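Coordinate analysis (summary)
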Amino acid sequence: MADKTTSQVANELGIGRKTILAYISRHPELVPAKRLSPSKDYLWTDEEIEAFRNRSFGKSGRPKKQ
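For clarity, every value in this text was computed on a predicted model and none was experimentally measured. (Residues numbered from 1 in each chain as written. Predicted model: local features only at pLDDT ≥ 70, side-chain atom pairs only at ≥ 80, totals over all residues. Heavy atoms only, no water.)

So, the packing of aromatic side chains
So the rule is basically this: Each Phe, Tyr or Trp ring (for Trp, its six-membered ring) is paired with any other whose centre lies within 6.5 Å, and the angle between the two planes then decides the class: stacked below 30 degrees, edge-to-face above 60, tilted in between. Under the scheme used here, helices are H or I runs from DSSP no shorter than 4 residues and strands are E runs no shorter than 2 residues, and both carry numbers assigned from the N terminus. Partly exposed residues are those whose accessible area sits between 20% and 50% of the maximum for their type, while under 20% is buried and over 50% is exposed, using a 1.4 Å probe and protein chains only. Charges are assigned to positions over rings by a cutoff of 6 Å between ring centre and Lys NZ or Arg CZ, combined with an angular limit of 35 degrees from the ring normal.
On inspection of all chains with the given rule, the structure shows two aromatic pairs. Seen from their ring centres, Tyr 23 and Phe 52 are 5.6 Å apart, and the 90° between their planes marks the pair as edge-to-face. Taken together, the positions of Tyr 23 in helix 2 (residues 17–26) and Phe 52 in helix 3 (residues 46–53) put the pair 29 residues apart, joining distant regions of the chain. Comparing Tyr 23 with Phe 52 shows no difference in burial state: the two are buried. Residues Trp 44 and Phe 52 carry aromatic rings whose centres are separated by 5.8 Å and whose planes lie at 80° to one another, so their mutual orientation is edge-to-face. Residue class for Phe 52 comes out buried when judged on its relative accessible area of 1%. Through successive ring pairs, a cluster of aromatic residues spans Tyr 23, Trp 44 and Phe 52. One cation-aromatic arrangement involves Arg 55 over Tyr 23; the distance from NZ or CZ to the ring centre is 5.2 Å. Sitting above the plane of the Phe 52 ring, Arg 55 keeps its charged end 4.0 Å from the centroid.

In short, shape yes, function no, at least from these values alone.
Following this line, the structure appears as structure tokens:
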């Protein structure tokens, strides 16, 4: 299948484009290999989308007091 832009991936996953960009800025192992030249937008393969979909979210926030 053809590569997809970050906006298309966001629509497919039901999350915002900025959410994807923020997450991959913190997790460089999930950054797609290809980028569009003038816009610098990422091009995602099916494998990269699947890796992002299967990421594990850690519990964020402050720890609870005991």
